Each structure stands twice: as structure tokens, then as C-alpha cells.
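# Topology and contacts: notes
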Amino acid sequence: MSEREVRIQSIGRTLLESARREEARLAREHRWEHALLDWCMQNPELRTRIFRFIDVFPQLDSPSSVYHHIKEYFPQDEDRIPAFIRRGLALARPAVLTRPALYHLTAMMFRRVAGMFVAAPGEEEALAVVEDFSRRNVRCSVDILGERTLSEAQAAGYFERYRTLIRALGRLKQGRDKQNISVKLSSLTSAFDPADPETVGRRVRERLRELVRLAKQQEVFLHIDMEEYAVRDLTLKIVRDLLEEKEFAGGLDIGVVLQAYLKDVGQCLDDIFSWALDLKNPLTIRLVRGAYWDYELMNAQEKSWPVPVFLQKSGTDEMFERLTRRILEETPRVRLAVATHNVRSIAHALALAEERQTGKDSLEFQLLYGMGAPLVAALLEAGHSPRVYMPVGEPIRGMAYLVRRLLENVSSQSFVRRGIHEQSVPQDILKAPAVGKEPPALQRPNEFVECPPVRLFDANERKHFRSALDNVRDQLGRDLTGVIAGHAVEKKQKGEHVSPIDGKTVIARTSYADAADAEKALTAAAQSFPDWAARPVGERAEFLRRTALWMQANRYDLAALEVMEVGKPWREADADVKEAVDFLNFYAVSAEALMRPQAAISFPHERNEIRARPRGVAAVIAPWNFPIAILTGMSAAALVTGNPVVIKPAGPSVFCGWKVYEAYREAGIPAGVVHFLPGRGELLGPLLVEDPRTALIAFTGSRSAGLDILRRAGESTAKARMVKKVIAELGGKNAAIVDDTADFDQAVPAVLSSAFGYAGQKCSALSRLIVVDRIYESFLKRLIEAAADFPAGNPVEPLTLCGPVINAAARDRIQAAVEEGRTQGVVLFEGRIPEEAGGFYVPPVIVADLPADSRLLREEIFGPVLAVIRARDFKDALQKANDSDCALTAGVFSRTPSHIELARREFEAGNLYINRPITGAVVGRHPFGGYKMSGTCTKAGGESYLREFFIERTISENAARHGFAPFDEGEIGKM
Ligand code: NAD
């Protein structure tokens with residue numbers, strides 16, 4: 001063992017012993033809380049329910065709702081519930097009057113659990129705690145709880161609270177050491193979005209600068225907290241830019257955080273050193289393991305991004321020591337704050353500091369309020385002056401923090417639990433971290449691999465998007481023609497369409513196909529049918545995979561074109577391309593599985609099988625709002641199952657449609673199999689639908705066009721040789737219910753993005769919001785406050801979420817509907833939209849108190865207009881939601897299990913989303929499609945979708961001859 005290692009062990013053992021003594025004392029003092037946490041550890045399923053109950057509890061405002069929720073969250077667990085809750089439940093059951101007692105008991109439990117980790121409910125009370133600590137030679141860093149800032153009003157509120165706190169802390173002098181406050185930059189703006197670091201940085205710095213000035217004046221130290229990985233570089237950039245401001249050239253007392261669980265944290269430290277080593281006042285680097293591990297893993301897996309965190313704890317431990325070493329090597333040009341409860345890491349830092357004879361001021365230890373108490377005592381005993389990270393705030397705002405702490409506390413991986421509470425042997429917990437091999441990230445169980453969305457927090461990916469937007473302009477204004485069997489069809493009649501962003505940039509001049517072209521396309525498609533249908537499904541699937549690769553290679557250009565042509569914001573344009581790639585890969589995998597001959601129930605003397613066969617020529621008629629994804633999805637499903645396609649793109653997105661055609665041709669799909677026919681829907685639609693050679697129509701669009709297609713397809717069948725199959729995905733009038741246990745922080749942004757994202761021009765968009773009476777006023781207040789800051793404007797700007805509507809006609813139609821709503825009801829909110837001159841913009845609108853037959857409640861408006869309805873209770877809300885002839889998407893925001901269950905059973909919607917936005921279906925995970933008047937409920941992006949595109953022939957062969965069945969003895973048993 002090296003000399004250093006011997007020293008680490010010795011320091012570690014001393015610290016561990018005194019921490020354990022303190023822990024034993026605290027356990028006696030807080031016997032009840034410890035018993036509760038131990039009980040939580042016993043059963044993971046029960047633990048989840050306890051956390052969920054704790055999460056909803058602050059919102060339960062009456063004894064009877066507490067009673068009902070306890071019953072709902074713990075239905076069959078009565079024997080496993082601790083005795084004090086059981087007794088409470090028993091008492092509350094017969095007599096309503098005792099429910100208040102249960103309420104008070106639960107509230108008391110909650111307060112005690114919260115009190116373990118949150119120092120005080122408000123700043124005033126927090127000061128008393130700071131003073132208390134200070135008398136014991138313990139320093140603090142005060143943190144105001146709260147994680148999501150939904151509006152600028154809320155951000156302004158935080159800003160004021162920070163200012164008040166800094167002033168108050170300034171009055172509490174603490175010897176020569178400064179008081180300390182931790183600030184989350186996300187609390188200073190409602191749009192802490194890394195997609196545009198320059199703009200966001202400027203906005204945040206405006207407020208941060210004020211705080212820094214005040215802190216300087218009051219001699220308070222400002223520590224900038226770190227949040228999730230996606231905002232790490234943005235956070236550090238803001239601090240760096242601030243420090244480079246002339247005003248602060250004289251030096252600033254400020255700190256940043258480094259998270260050792262991130263695999264690329266080494267580069268991040270290099271970057272910090274590149275600007276921080278020569279600062280007048282050394283930068284403090286708080287080194288933590290990282291608090292968002294579960295979130296980072298979940299988020300990366302969900303988006304198919306590389307997982308940014310170490311999966312093995314030892315990876316983080318080893319990195320922690322490496323970073324400690326590197327920072328101490330640069331001390332005192334920077335200061336290190338070791339923020340961990342891991343005694344080994346603390347001992348390691350102390351041993352290293354001893355070796356380097358780093359002055360005491362250059363190294364400090366930070367511990368969390370509550371959890372770190374035994375170590376605070378141990379460090380004090382060893383002659384150090386630790387700092388406690390001290391969160392203050394009300395339970396609702398602090399819930400995310402509280403749940404993180406609780407999870408950490410009951411996790412078997414937690415050092416406090418393993419090392420101090422459960423007392424594992426010292427050599428085990430003090431041993432040097434071994435660098436384990438990282439396990440591969442979790443793989444999904446099937447062959448389909450999702451295309452990851454772009455990561456706009458990554459500077460490189462942002463750069464690609466930006467330059468694609470610059471480059472795409474050179475391509476605009478070109479002539480587009482139809483292509484039949486590989487030959488361009490040039491016509492005299494040309495349609496010109498412009499970008500909705502400014503109303504003048506010409507996107508393309510398109511030669512409209514006419515009846516003769518439709519005839520030619522159908523003839524060519526019909527001719528190619530036998531050959532295409534006869535190819536092995538694997539070969540056709542390969543074409544799809546190649547198309548996907550082409551699209552992926554051109555993803556930035558395709559997304560940029562969508563921004564320009566249909567006004568989609570960055571993320572949504574990228575999501576559309578991602579979805580197209582997913583459709584191609586998913587249908588390739590699914591077709592290979594589904595189109596293989598399948599065995600039906602058989603006997604040895606009777607062999608039965610089902611064979612798939614393509615239907616014939618498919619007319620694919622697409623809308624403009626998901627210009628690449630929907631067109632690709634419908635045509636790819638037809639192609640892979642063996643049907644040649646005639647593509648009729650929507651007029652406003654014809655260039656995107658052409659790109660889909662180009663992708664197929666680049667992938668090598670034969671010219672006779674896919675044809676591109678731009679033109680007027682009212683002319684080409686009926687021609688394609690009624691032609692006897694058309695076997696299949698895949699349509700997505702408006703109700704009127706869809707019903708027209710269904711009727712024509714039915715009637716024209718008389719002339720045809722087969723019954724036509726129609727897939728018709730139509731519009732929605734989608735509702736979401738918000739009940740009195742909804743998490744507002746979750747519901748408000750989800751409602752806004754569902755209603756106003758892409759200016760409400762999605763079939764899945766939210767247009768009817770139903771809020772239960774109890775929270776109607778309070779929810780709407782939060783919603784309207786946040787709506788005011790929903791980023792609307794030019795979609796070329798990466799922060800924009802609500803851009804223009806598709807054209808002047810749509811703008812006029814939506815505005816007329818809003819005007820009608822104004823006369824019928826009350827406009828609660830009308831946004832402002834900083835528009836590009838000449839573009840087609842409609843500001844977001846929220847309207848309430850409409851009569852039941854109002855157009856805004858009955859018809860699809862397809863714009864950023866949200867109608868609000870008040871409901872008595874959840875049942876009433878559900879009834880109101882179902883009072884519609886559409887059934888496409890729907891949402892529920894609730895934490896009451898029985899309400900969620902009722903919605904699962906009875907909410908009439910093809911896609912029901914619970915506690916999340918109601919748009920954004922992902923291929924394979926959320927097969928998409930509605931019923932009632934919303935369409936044929938053929939689930940795009942699901943396996944069953946492909947079945948619509950082929951027919952199944954059953955073949956039964958009698959294998960018996962003259963009573964002799966050709967089986968051997970072994971087969972009899974298998975019969
Ligand atoms: P639209 O019906 O106007 O046009 C869709 C396509 O049909 C276009 O290619 C158009 O040229 C063509 N068309 C028009 N009239 C036709 C006719 N008589 N016969 C055959 N084809 C005809 O719809 P849109 O404005 O492009 O798209 C918006 C609508 O699409 C909204 O109602 C929206 O809800 C719906 N939509 C539904 C889904 C879904 O999956 N359910 C998805 C996206 C869009």
C-alpha cells in the first residue's frame with residue numbers, strides 16, 4: 001500500500017468512527033424518521049407508492065381527500081403499513097369526524113420527513129438556522145428550492161427572493177468568512193433552453209449581473225448550481241461571459257459545480273481551466289458526484305442518445321478522485337469544495353491536500369443539510385469547518401429535491417446508508433475505487449433501433465442545423481415537376497408557394513400534374529406491380545433501410561427545408577425527419593416478420609398456412625403538417641408490403657414531398673414503382689381514388705376530404721376488380737383534463753406545448769382544456785402567466801416553439817374563429833407574436849365560457865387556439881371530454897389512481913396520454929390513430945398498421961391419401 005493510501009485509510013477510519021458515533025446519537029433522537037425510511041427500504045414496489053403519495057400529498061387540501069388517497073395508494077397493503085398509519089385508517093373509517101385526525105397525523109409525518117432534508121419553509125426561518133450553525137463553526141450555502149420556472153413572472157419572483165436573501169445574509173457577518181448562497185440559473189428565466197446559448201445567456205446575465213453586484217456589495221459568496229447535462233455548457237458559458245465583463249475585472253467571489261458522474265467531465269474541467277486559472281479571485285469548483293443520475297439515464301435511453309453518466313458507481317468514484325487531484329494541482333489558482341458524503345473521497349482529498357500543503361482556505365467540504373449531519377460532526381471533530389448546503393422553501397416547490405434526497409437515502413448504493421447507517425466494514429467502504437468496465441447501455445429488446453433526435457445542447461449539432469438553414473435558401477425558388485416512371489412531366493400551369501415565415505420567399509414553382517399524368521402514373525404503377533410484389537420482402541425492406549440512411553445523412557437539410565417551407569420550429573422539424581427515419585426502419589423490421597408465411601392450426605394430415613399478398617397500386621395522399629414523416633410513413637408501408645405507389649403530396653409542402661421521392665430514388669427503388677404527382681387535390685384525388693387500378697388509398701388529412709375519399713372508393717368499386725381499401729386518418733378536437741391533484745409544474749408546460757406548439761397545427765393538438773372546479777382559478781392563473789412567455793415568433797430562431805400558420809387563408813380562417821369566440825365567450829389570454837413582416841402569424845389565444853355548441857368547442861380550428869371548460873369534478877370532466885365526434889388524442893393530468901383508471905377505461909381517444917403532453921407520438925412506442933370521426937384507427941407506427949396494406953390468403957392442403965395420414969409416430973404426440 002502506498003504511503004498516500006495508508007494516510008487515506010487512516011484519515012478515513014477516524015472520520016468514519018466519529019461519523020458513526022454521531023449517527024447513533026441522531027438515530028436515537030430521530031427514531032421515528034429512521035424507522036420510516038427503513039420501512040421504505042423493505043419493498044421496492046411499496047416504496048414507489050410511498051414516493052408517489054409523498055409527491056401528491058402537499059396538494060391534498062382536505063381530510064377526506066387525504067383519507068381517500070391513502071386508501072387508493074395503499075389498497076392491499078394494510079398489513080405492511082406501519083402501525084401508526086393503520087390505526088389512523090381504522091379510526092377514520094367508521095366516523096367521518098376522525099378524518100381530520102388522520103389528516104393531521106399524515107401532515108405531521110410529512111413535515112417530519114421533509115424537515116429531515118429541508119432546513120426551513122422560508123428565508124426568514126432559514127436565517128435562524130444559519131446562525132445556529134454558525135455558532136457551531138459550521139458554514140452554510142443557502143439554496144432556494146424550486147426547479148422549473150414556467151414564466152417570467154415566476155423568474156422575477158425568484159430573482160427578488162435571491163435579492164432579499166443576499167441582503168439578509170449580508171447582515172449576518174460570519175467572521176472573515178463570507179455567507180454563501182447557491183443559485184440555479186434556470187430559476188432566472190422561463191426559457192433556460194440550451195438551443196440558443198447566446199440569446200439565453202444574454203437574458204440570464206441581465207439578472208445574474210444584478211445578483212452578483214448585490215452579493216459583492218453585501219460580501220456574500222455566490223455559488224452557481226449545476227443542473228442536468230443538457231444545460232451544463234450553457235451554465236458554464238454564462239459564468240464565463242459574466243466574469244469577462246469589464247465591470248468584474250477586479251474579481252468576483254463566485255463558484256461553479258463539476259459533476260463527476262459525467263463521462264466527459266474531464267474535458268469540461270480542461271475548458272474551465274482554460275479561462276479560470278488567472279482570475280483575480282480564484283474560482284471555487286464544487287465537486288459533486290451528481291444528483292440527476294436517474295433522470296440522465298432515463299432521458300438518454302428515451303431519446304436513444306449516448307448515456308452521459310457512468311453506469312458503474314466505481315466509474316464515478318474513480319473520476320471523483322481524478323478530478324480532486326487535478327483541481328488540487330492547480331490550487332490556489334482555483335479553490336476546491338469537495339461536496340460528497342463518501343468518506344473515502346473526503347479522506348482522499350484531505351490526504352492529497354496534506355501532501356501538497358494546500359492552505360486550509362483552499363479546500364472546503366460541503367455536505368447536504370440532514371443527510372450529511374454525521375459527517376458534519378466528524379469534520380468538526382477533525383478540526384475542519386464544513387459547509388452545509390441548506391435548501392429552504394415550501395414542500396410543493398421543493399418536491400423534486402425532497403424526492404431525490406429520499407431516493408438517495410433509501411438507495412442501497414448510498415454511502416450514507418451503506419457506510420454510516422448500516423456500518424459495512426471500513427476496509428470495504430474505504431478501499432480505492434477500482435475502474436470497472438462500463439456495461440453496455442440497455443438495448444431495446446427488438447431489432448428496430450430508433451433514430452435519436454438532434455441534441456440542440458451540443459454546439460456541433462447546432463452548427464450543422466444553422467448552416468443547413470443558410471444553405472437551404474440557395475435551393476429555394478426552384479421548379480418542381482411530377483415524375484412518372486422516372487420521367488419529369490413539365491406542364492404549363494405552375495403554382496408558386498411562399499414561405500409562411502415572411503409570405504414572400506418563394507419555396508418552389510410547381511408544375512401541376514393533370515388527368516393525363518394521373519392516368520400515366522397509374523398505368524406505370526400497375527405495370528410494375530407483378531415484379532415488385534414478387535420480390536422477397538427482405539429485398540423491399542432493404543430499400544427502406546437505404547432510404548432511411550439517406551434521410552439520416554441529409555437530416556439537417558431536410559429539417560431546414562421544413563422550417564422554411566411549412567414554418568416548423570427547429571425541434572419539431574427535426575422530430576419530423578426522425579419520425580420518417582423511424583417509420584422506414586420500423587416497417588422494414590415489421591414487414592419481414594409479418595409477411596413470412598404463417599402457420600395456422602394444423603394436423604399432420606391437414607397443413608394450413610396463411611400467406612401475405614400485396615394489394616396492388618396504392619395512392620398515397622398526404623397532408624402538409626408533417627410533410628416528411630406522414631408521407632414517408634404511408635408510402636413506406638405500401639412499398640415494403642409490395643404495393644407500387646403514386647404519391648400525391650400536399651400543395652403547401654410539395655418541396656418536402658419531392659425530397660421524400662428523391663430519397664426513395666436515391667435508395668434505388670425502381671422508377672416504375674414510385675411516382676410523384678404534385679397538383680390539386682380536388683382534381684387528382686378523385687382521379688386516383690376512383691381509378692379501377694387503384695387497390696389501396698392511404699390518406700391523411702381533413703375530415704371532408706377523407707369522407708369524400710371513402711365515399712368515392714366505395715362507389716367506384718363497382719368498376720374495379722377489387723374492394724378498395726381506404727386508410728383515412730382525419731382531424732381531432734382533442735381534450736385534456738386537469739384535476740385537483742395534477743402537478744401544475746408538469747401540466748402547465750404540457751398543456752402549452754400541446755396547444756401552441758407548431759401553432760396548434762397538428763391533428764393531435766390540444767384544443768379543449770377541461771379543468772375541475774376546485775383548481776380552475778389557480779390553474780388558469782398559472783397557465784396564463786406561462787402562456788405569456790411561450791416562445792412565439794420566427795421559427796428560424798431556435799428558441800421559437802410557436803411559428804406562423806401555413807398560409808394567409810389559414811390565418812384568416814383562424815382569426816375569424818377567434819373573433820366568433822370573442823363574441824360568444826371570454827378571451828382570457830391573447831399573446832403577442834413578434835412576426836416577420838408579411839408572414840402568416842396568429843398569436844396564441846385562450847378562450848373560456850363558450851356555449852356548448854360553439855365552433856371553438858366543436859370544430860377543428862387547426863391553429864393556436866385553446867378553449868377552456870370548467871367541470872364540476874373528474875366524472876363531469878370526462879363526460880364533457882367525450883362529448884365530441886372526434887376521438888384522436890386526449891390527456892389526463894392527475895395523481896389520483898382511480899381517476900387515471902377511469903380515464904384508461906372510458907376516455908374516448910385513439911391515443912390517451914397521462915401526465916405528459918398529448919402530441920409527439922413515437923414510432924413503435926405510441927402507434928397512432930383515432931376513431932369516431934377521426935378516422936379508421938389504423939395505427940401508424942404500430943405493427944398492425946402494415947396489415948392494412950396486404951391481404952392474407954389461407955391455404956389448406958389435405959395431405960391424407962386413402963385414409964393414410966403421412967405422419968410418423970413421433971408426430972402423433974405433437975398433434
Ligand atoms: P387536406 O384534407 O386539405 O389535404 C390533405 C391531402 O388531401 C392533400 O394532399 C390534398 O391535396 C388532398 N386533397 C384535398 N382534397 C381532396 C379530395 N377531395 N380528394 C382527395 N384528396 C384531396 O388536409 P391538410 O390541410 O393538408 O391537413 C390538415 C388536416 O389533416 C387536419 O384536419 C389534420 O387534423 C389532419 N391530419 C390528421 C392526421 C392523423 O393522423 N389523424 C395527421 C396529420 C393531419
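Residues numbered from 1 in each chain as written. Predicted model: local features only at pLDDT ≥ 70, side-chain atom pairs only at ≥ 80, totals over all residues. Heavy atoms only, no water.

## Focus on the overall build of the chain
Secondary structure summary: the chain contains 35 helices and 30 strands in total. Relative to its length of 975 residues, the chain is compact, with a C-alpha radius of gyration of 32 Å against a globular reference of 30 Å. Counting only C-alpha atoms, the chain reaches 95 × 80 × 65 Å along its principal axes. Counting all 975 residues of the chain, 59% fall into the buried class. Long-range contacts, defined here as pairs at least 24 residues apart, represent 77% of the contacts in the chain between residues at least 6 apart. Here the chain displays about 39500 Å² of accessible surface, and carbon together with sulfur accounts for 52% of that area. Between the centroid of the 129 positive side chains of the chain and the centroid of its 130 negative side chains there is a distance of 1 Å. (Helix = DSSP H or I, 4+ residues; strand = E, 2+ residues; numbered from the N terminus. Rg over C-alpha atoms; globule rule 2.2 N^0.38 Å. Buried < 20%, exposed > 50% of the residue type's maximum accessible area, 1.4 Å probe, protein only. Contact = heavy atoms within 4.5 Å. Areas by Shrake-Rupley, 256 points an atom, 1.4 Å probe, with all protein chains shown as cover. Lys, Arg positive; Asp, Glu negative; His and termini not counted. Charge placed at Lys NZ, Arg CZ, Asp CG, Glu CD.)

## Quick word on the sheet that holds strand S12 (residues 494–498)
Here we have three strands laid out as an open sheet, ordered S9-S13-S12, and mixed in their pairing. The open sheet has two edge strands, strand S9 (478–480) and S12, and neither has a second partner. For this sheet the average axis-to-axis angle between neighbouring strands, irrespective of direction, equals 25°. Bridge analysis of S12 against strand S13 (residues 506–511) gives five bridges, and the strand direction is antiparallel. Bridge assignment links histidine 497 to a residue of S13, and that residue is alanine 508. (Pairing = 2+ DSSP bridges. Axes fitted to C-alpha atoms, helices over the stretch in contact; angles between N-to-C directions.)

## Quick word on the sheet that holds strand S5 (residues 283–288)
As summarised here, the arrangement of the eight strands in space is S1-S2-S3-S4-S5-S6-S7-S8, forming a closed barrel in which the pairing is parallel. The sheet shows a mean angle of 30° between the axes of neighbouring strands, direction not considered. Taken together, the five bridges between strand S2 (residues 179–183) and strand S3 (residues 220–224) define a ladder with parallel strand orientation. By the bridge assignment for S3, glutamine 179 is matched with valine 220. Helix-sheet contacts for helix H8 (residues 152–171) involve strand S1 (139–144), S2 and S3, and the interaxial angle to S2 is about 170°.

## Some thoughts on the pattern of salt bridges
A full pass over the atoms with the stated rule returns 78 salt bridges. Of the charged contacts in the structure, one is a salt bridge between arginine 205 and glutamate 245, with a shortest N-O distance of 3.1 Å. Residue arginine 205 is found in helix H9 (residues 197–218), and its partner glutamate 245 is found in the loop between helix H10 (232–243) and strand S4 (254–259); the two are separated by 40 residues along the sequence. Look at glutamate 245 and you get buried, because its relative accessible area is 15%. The shortest N-O distance in the salt bridge between arginine 858 and aspartate 883 comes to 2.9 Å. (Salt bridge = Lys/Arg side-chain N within 4 Å of Asp/Glu carboxyl O.)

## Things to note about unusual backbone geometry
Generally, phi is negative for residues other than glycine and the peptide bonds are trans, each holding for most cases. Residue proline 332 follows threonine 331 across a cis peptide bond; omega there is 10°. Along the chain, proline 332 turns up in the loop between helix H13 (313–330) and strand S6 (334–339). At aspartate 849, a residue that is not glycine, the phi angle is positive and equals roughly 55°. For aspartate 849, the location among the structural elements is in the loop between strand S24 (845–848) and helix H31 (855–858). Looking at aspartate 849, the relative accessible area reads 53%, which means it is exposed. The phi angle at cysteine 937 is positive, at roughly 55°, despite the residue not being glycine. Following the sequence through the fold, cysteine 937 ends up in the loop between strand S29 (931–932) and helix H34 (943–947). Residue cysteine 937 is classed as partly exposed on the basis of its relative accessible area of 28%.

## Quick notes on the site of the ligand
Near the ligand, the surroundings consist of 26 residues, among which Ala622, Lys648, Ser702, Leu730 and Glu860 are the closest. Between the ligand and the protein, one listed contact pairs a nitrogen atom with a side-chain N or O atom of aspartate 708 at 3.3 Å. With the chains in place, 87% of the 830 Å² that the ligand exposes on its own is no longer accessible. Listed by contribution, the elements that provide at least two residues to the shell around the ligand are helix H26 (681–690), strand S19 (694–700) and helix H27 (703–716). The dominant element in the shell around the ligand, judged by the number of residues it contributes, is H27, at three residues. Here the residues of the shell around the ligand are counted per class, giving 15 nonpolar, seven polar and four charged. (Near = heavy atom within 4 Å. Polar contact = N/O pair within 3.5 Å; in protein donor to acceptor, adjacent residues only side chain to side chain. Nonpolar A, V, L, I, M, F, W, Y, C, P; charged D, E, K, R; others polar.)

## Observations concerning the pairing of S2
By the criterion of burial, S2 is predominantly enclosed, with five of the five residues buried. Along S2, one buried face is formed by Gln179, Ile181 and Val183 and the opposite face, lined by Asn180 and Ser182, is buried too. Across two bridges, S1 lies against S2 in parallel orientation. Across the sheet, valine 142 pairs through a bridge with isoleucine 181, a residue of S2. Following the chain from S2 across H9 to the adjacent parallel S3, one finds a crossover that is right-handed. (Right-handed = clockwise from strand over helix to strand, strands pointing away.)

## Considerations on the environment of glutamine 179
Along the chain, glutamine 179 falls in strand S2. Put simply, glutamine 179 and alanine 168 are eleven residues apart on the chain and 9.9 Å apart in space, counted from C-alpha to C-alpha. In this structure the side chain of glutamine 179 is engaged in a polar contact, spanning 3.1 Å, whose partner is the backbone oxygen of leucine 172.

## Some remarks on a nonpolar patch on the surface
Taken together, the side chains of Leu707, Leu710 and Met933 present a nonpolar region at the surface, about 210 Å² in accessible area. On the secondary structure map, methionine 933 appears in the loop between S29 and H34. Residue methionine 933 is classed as partly exposed on the basis of its relative accessible area, which comes to 32%. (Patch = residues over 30% accessible without salt bridge, like charges linked within 9 Å, V, L, I, M, F, W, Y side chains within 5 Å.)

## As for the packing of aromatic side chains
For the coordinates displayed, the defined rule picks out 19 aromatic pairs. Ring geometry for phenylalanine 756 against phenylalanine 790: centres 6.1 Å apart, planes inclined by 70°, an arrangement best described as edge-to-face. Linking phenylalanine 756 in helix H28 (residues 744–756) with phenylalanine 790 in the loop between helix H29 (776–787) and helix H30 (808–824), this pair joins segments that are 34 residues apart in sequence. By the burial criterion, phenylalanine 756 is buried, and phenylalanine 790 matches it. Positioned over the ring face of phenylalanine 626 is lysine 568, at 3.8 Å from the centre of the ring. (Phe/Tyr/Trp six-rings, centres within 6.5 Å; stacked < 30°, edge-to-face > 60°. Lys NZ or Arg CZ within 6 Å of the ring centre and 35° of its normal.)

## Describing the nonpolar core
Counting 159 residues, the largest nonpolar core has Met551, Tyr587, Leu769, Phe779 and Leu783 as the members making the most contacts within it. Broken down by element, the residue count for this core peaks at 13 residues, all from helix H23 (residues 570–594). Sequence-distant contacts of leucine 783, that is, excluding residues within four places in its chain, are made with Val748, Val751, Leu752, Leu769, Ile846 and Leu866. (Core = buried A, V, L, I, M, F, W, Y, C linked by side-chain atoms within 4.5 Å.)

## Some remarks on H10
Helical periodicity: at 3.6 residues per turn, an α-helix aligns residues three or four positions apart in one direction. With twelve residues, H10 extends 17 Å between its outermost C-alpha atoms, agreeing within 8% with the 16 Å of an ideal straight helix rising 1.5 Å per residue. Packing partners of the buried residues in H10 comprise H9, S3, S4, helix H11 (265–276) and S5. (Expected span 1.5 Å × (residues − 1).)

## Describing the pairing of strand S27 (residues 889–893)
Summarising burial for S27: five of the five residues are buried, a large majority. Of the two faces of S27, the one holding Thr889, Gly891 and Phe893 and the one holding Ala890 and Val892 are both buried throughout. As defined by bridge partners, S27 adjoins strand S28 (residues 911–914) across four bridges and the pair is classed as parallel. Directly across from alanine 890, in S28, lies its bridge partner leucine 912. As for the winding sense of the linkage, the β-α-β connection from S27 through helix H33 (residues 897–906) to S28 is right-handed.

## So, the packing of H10 against H11
Running from amino to carboxyl end, H10 crosses H11 at an angle of 10°, the nearest separation of the two axes being 11 Å. By the criterion of interaxial angle, the relationship of H10 to H11 is roughly parallel. Every residue of H11 that contacts H10 at Arg232, Leu236, Val239, Arg240 and Leu243 is listed here: Val265, Cys268, Asp271, Ile272 and Trp275. Taken together, the residues of the contact of H10 with H11 sort by class into seven nonpolar, no polar and three charged. (Parallel < 35°, antiparallel > 145°, perpendicular 65-115°, else oblique.)

## As for the side chain of serine 635
Relative to the assigned elements, serine 635 resides in helix H24 (residues 629–640). Excluding its chain neighbours within four sequence positions, the residues that come into contact with serine 635 are Val620, Val645, Ile647 and Tyr664.

## Comments concerning the state of the cysteines
The final tally for this structure, using the stated rule, is zero disulfides. For the unlinked cysteine cysteine 451, the closest cysteine sulfur is that of cysteine 656, found at 16 Å. Sulfur of cysteine 937: no disulfide; nearest cysteine sulfur belongs to cysteine 763 and is 12 Å away. (Disulfide = S-S within 2.5 Å.)

## A closer look at the side chain of aspartate 143
Inspection of the secondary structure puts aspartate 143 in strand S1. Taking the relative accessible area as the measure of exposure, aspartate 143 reaches 0% and is therefore buried. Reaching out from aspartate 143, the side chain makes a polar contact with the side chain of lysine 184 at a distance of 3.4 Å. Polar side-chain contacts of aspartate 143 include one of 3.5 Å to the side chain of tyrosine 389.

Distances and angles like these do not, on their own, reveal function.
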